[in-house]
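Structural overview
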Amino acid sequence: MASTYPLSTSKPLVLLFVFVACFSGPSIAATRKLAALVKQQPLVLNYHKGALLKGNVTVNLIWYGKFTPIQRSIIVDYILSLSSRRAPLPSAASWWKTTENYKGGSVSLVVGKQILDEAYSLGKSLKNSQLVYLAARGGHLGSVNVVLTAKDVAVDGFCMRCGTHGSTRGKARFAFAWVGNSETQCPGQCAWPFHQPIYGPQTPPLVAPNGDVGVDGMVINLATVLAATVTNPFNNGYFQGPATAPLEAVSACTGMFGSGSYPGYAGQVLVDKTTGASYNAHGVNGRKYLLPAMWDPQTSACSTLV
């Protein structure tokens, strides 16, 4: 399995998890000096000869807990934006196009089922096994089932990780992912740079492009797990490090959103002149998003949109 933003990971018998952390480093001044003195080494994610997800891939969404229609539309529009050519550059689609540079060609995401569980059928405190149970509601036929948990839902390990991705085993094998809304639980860890960080340099938070710190943070984490899911769906695709805690397509580039980024500083991004919101990608329906850097196999480097 694979996931987003961890400090620690485990590998249950039937699942494979990967977690990525979004954290800040030492002081800004010290980091700048270090960056000037140390030449960055090439970053290589090795290909482990496993299957990747390519072609048309359906993304089924399982909404667990209460989301407003506006919140759901922000996330659905993001997924639609990844395969749309209608948005001006820089666009979410141009960001997603980097996945074509991984072996096997292009992958186009299509929104499939949307299942709403506003009654919290499993309660408001979920274990990892329950995430897989919820994901299975999306079906097993060549899709990616994404569980999205509301701000009042606790998940084992949440805040040490902001999302996960993985796969089941056996004949009914399918890929899945989970992302939680951190608005009331740990926005400094899972919604940075839209919230003051818990650790590291205390730079001012950026204004969220869709006016929702929790959901705009979810978009960042969803971007991370979706990119990892298609490039390392079964834990034998592209990654660096141990399979139990790999660095993947986006998690290898943690905290980078624009040029000149360093720990605690997201980099130079675009700013909406009317709202003051920060973004680096245009999407469908006039949406704007802030998307993290992705590792590009052609350059062996993390690539940002701006």
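Everything here concerns the structure above.
Report follows, based on the coordinates.

Reading the values: rules and limits
- Each chain carries its own residue numbering, running from 1 in the written order of its sequence.
- Thresholds applied to this predicted model are a pLDDT of at least 70 for local features of residues and 80 or more for the giving and counting of side-chain atom pairs; totals over whole chains, interfaces and linings are not thresholded and use all residues.
- Just so you know, side-chain values use all the structure's heavy atoms and leave hydrogens and water out.
- Relative accessible area decides the class of each residue, using a 1.4 Å probe on protein chains only: under 20% of the type maximum gives buried, over 50% gives exposed, and in between gives partly exposed.
- Runs of E in the DSSP output that reach at least two residues are strands. Runs of H or I that reach at least four are helices, and both are numbered from the N terminus.
- To obtain the arc, one takes the directions from the helix axis to the C-beta atoms.
- A contact between two residues is defined here by any heavy atoms of the two lying within 4.5 Å.
- Salt bridge, as applied in this entry: a Lys or Arg side-chain nitrogen positioned within 4 Å of an Asp or Glu carboxyl oxygen.
- Criterion for a disulfide: a pair of cysteine sulfur atoms at a distance within 2.5 Å.
- Only buried residues count toward a nonpolar core, which is a set of Ala, Val, Leu, Ile, Met, Phe, Trp, Tyr and Cys residues joined through side-chain atoms within 4.5 Å.
- In this description, strands pair whenever DSSP reports at least two bridges between them.
- The axes used here are C-alpha line fits, helices contributing only the stretch in contact, and every angle between their N-to-C directions lies in the interval 0 to 180 degrees.
- We call two directions roughly parallel when the angle between them is under 35 degrees, roughly antiparallel when it is over 145, roughly perpendicular when it lies between 65 and 115, and oblique otherwise.
- Note: crossing handedness is left-handed where the near helix turns anticlockwise from the far helix by less than a right angle, and right-handed where it turns clockwise.
- Under this grouping Gly is polar, as are all residues other than the nonpolar Ala, Val, Leu, Ile, Met, Phe, Trp, Tyr, Cys and Pro and the charged Asp, Glu, Lys and Arg.

The next point concerns helix H4 (residues 128–135). Regarding H4, the residues found buried are Asn128, Leu131, Val132, Leu134 and Ala135. Buried residues of H4, seen end-on, are gathered within an arc of 160° and therefore sit on one face of the element. Residues Ser129 and Tyr133 are exposed on H4 and point more than 90 degrees away from its buried face. Of the surrounding elements, those touching the buried residues of H4 are strand E3 (55–64), strand E4 (107–117), strand E5 (125–126), strand E6 (143–149), strand E7 (154–155) and strand E9 (175–180).

This brings us to the pattern of salt bridges. Between side chains of opposite charge, pairing is possible as soon as their charged atoms come close. Throughout the structure, instances matching the rule amount to six salt bridges. A salt bridge links Arg287 to Asp77; the shortest N-O distance between them is 3.0 Å. Linking Arg287 in the loop between strand E13 (281–282) and strand E14 (288–289) with Asp77 in helix H2 (residues 69–81), this pair joins segments that are 210 residues apart in sequence. Taking relative accessible area as the criterion, Arg287 reaches 18% and is therefore assigned buried. Overall, Asp77 belongs to the buried group, its relative accessible area being 8%. Between Lys288 and Asp272 there is a salt bridge whose closest N-O contact spans 2.6 Å. Taken together, the residues Lys288 in strand E14 and Asp272 in the loop between strand E11 (270–271) and strand E12 (278–279) connect sequence positions 16 residues apart. Taking relative accessible area as the criterion, Asp272 reaches 14% and is therefore assigned buried.

This paragraph deals with unusual backbone geometry. The omega angle of the peptide bond from Leu89 to Pro90 is -10°, so this bond is cis rather than trans. The residue after Trp192, namely Pro193, is reached through a cis peptide bond having omega 15°. At Cys159, a residue that is not glycine, the phi angle is positive and equals roughly 90°. Of the residues examined, Cys159 reaches a relative accessible area of 18% and is grouped as buried.

Taken as a whole and judged by the stated rule, the model has three disulfides. Residue Cys162 pairs covalently with Cys190 via a disulfide, S to S 2.0 Å. Judged by the sign of its S-S torsion, about -80°, the cystine formed by Cys162 and Cys190 is left-handed. One end of the pair, Cys162, is in the loop between E7 and strand E8 (163–167); the other, Cys190, is in helix H5 (residues 187–190), with 28 residues separating them in the sequence. As far as the burial class goes, Cys162 and Cys190 line up, both buried. With a sulfur-sulfur separation of 2.1 Å, Cys253 is cross-linked through a disulfide to Cys302. Since a negative S-S torsion denotes a left-handed disulfide, the Cys253-Cys302 link at about -85° is left-handed. Linking Cys253 in the loop between strand E10 (238–239) and E11 with Cys302 in strand E16 (residues 301–303), this pair joins segments that are 49 residues apart in sequence.

Our focus in this paragraph is the nonpolar core. In this structure, Tyr78, Ile79 and Trp95 are the most contacted members of the largest nonpolar core, which totals 69 residues. Among the elements that line this core, the one with the most residues is helix H6 (residues 213–231), at nine residues. Counting residues in hydrophobic clusters, the runner-up holds eight residues, among them Phe194, Ala208, Phe257 and Leu290.

Now for the pairing of E6. Each regular strand shows side chains that alternate between the opposite faces of the sheet. For E6, the buried fraction is high: seven of the seven residues fall into the buried class. Because side chains alternate across E6, one face comprises the buried residues Ser143, Asn145, Val147 and Thr149, and the other comprises Val144, Val146 and Leu148, equally buried. Alignment of E3 against E6, held across seven bridges, turns out to be parallel. Following the sheet pairing, Tyr64 is matched in E6 by Thr149.

Turning to the packing of H2 against H6, a few remarks are in order. Relative orientation of the contacting elements H2 and H6 amounts to 30°, with a least axis distance of 10 Å. When the axes of H2 and H6 are compared, the pair comes out roughly parallel. Our pair here, H2 against H6, has a crossing hand that is right-handed. Judged by residue contacts, Gln71, Ile74, Ile75, Tyr78 and Ile79 of H2 engage Val215, Met218, Val219, Leu222, Ala223 and Leu226 from H6. Each residue belonging to the contact of H2 with H6 can be placed in one class, and the counts come to ten nonpolar, one polar and no charged.

That's the geometry; what it means functionally is another story.
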